[in-house]
Structure formats: C-alpha cells, structure tokens
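# A closer look at the structure
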Amino acid sequence: MEKKVAAETERLILRRYKKEDIQDLFEYLSDQEVVKYEPYN
C-alpha cells in the first residue's frame, strides 16, 4: 500500500522517499555545491 502524497502543487510533489529514489538521492547528496550549506558533514 502506497502512502498518500504529503503536498502537491502544479510544479512540486512532496512525498516520502521510495527505494527506487536511492540513486537520485545519492547523486544529489554527493554534489558539494548542493550540500555546502547543509548542517551536516
């Protein structure tokens, strides 16, 4: 059973992560320009 979407607009869908998101998440969090202001190392 898939959980409901947390929020949705015309340009954005917020939802919980899924297993198949792992590669995209890894690439996003591996980019130093993306994460340089995040509060973790």
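Residues numbered from 1 in each chain as written. Predicted model: local features only at pLDDT ≥ 70, side-chain atom pairs only at ≥ 80, totals over all residues. Heavy atoms only, no water.

## Examining the overall build of the protein chain
How we decide: The numbering of helices and of strands both runs from the N terminus, where a helix is a DSSP run of H or I of at least 4 residues and a strand a run of E of at least 2. Burial here depends on accessible area, computed with a 1.4 Å probe over protein chains only, as a share of the maximum for the residue type. Under 20% is buried, over 50% is exposed, and the range in between is partly exposed. In this description, accessible areas are obtained by the Shrake-Rupley approach with a 1.4 Å probe, and a residue is regarded as covered only by the protein chains that are shown. The positive count covers Lys and Arg only, the negative count covers Asp and Glu only, and His and the chain ends enter neither. Taken as the charge location is NZ of Lys, CZ of Arg, CG of Asp or CD of Glu.
Each helix and strand counted, the protein chain has 2 helices and 2 strands in total. Across the protein chain, helices and strands are ordered from the amino to the carboxyl terminus as β-β-α-α. Along the first, second and third principal axes, the C-alpha atoms of the protein chain reach 35 × 20 × 15 Å. Looking at the protein chain as a whole, 5% of its 41 residues are labelled buried. Summing over all exposed atoms, the protein chain offers an accessible surface of approximately 4,700 Å²; the carbon and sulfur share of this is 53%. When the 8 basic and 10 acidic side-chain charges of the protein chain are each reduced to a single mean position, those positions are 8 Å apart.

## Focus: the environment of arginine 16
By the element assignment, arginine 16 lies in the loop between strand S2 (13–14) and helix H1 (22–29). Judged by relative accessible area, arginine 16 falls into the exposed class, the value being 64%. For the pair arginine 16 and glutamate 38, spaced 22 residues apart in sequence, the C-alpha separation works out to 20 Å.

## A closer look at the side chain of aspartate 21
One can find aspartate 21 in the loop between S2 and H1. Residue aspartate 21 is classed as buried on the basis of its relative accessible area, which comes to 14%.

## Some thoughts on the pattern of salt bridges
As a reminder of what qualifies: The salt bridge criterion pairs a side-chain nitrogen of Lys or Arg with a carboxyl oxygen of Asp or Glu, the two atoms within 4 Å.
For the coordinates displayed, the defined rule picks out 2 salt bridges. For arginine 15, the salt bridge identified is with aspartate 21, shortest N-O distance 2.8 Å. Its salt-bridge partner being lysine 36, residue glutamate 33 comes within 3.3 Å of it at the nearest N-O pair.

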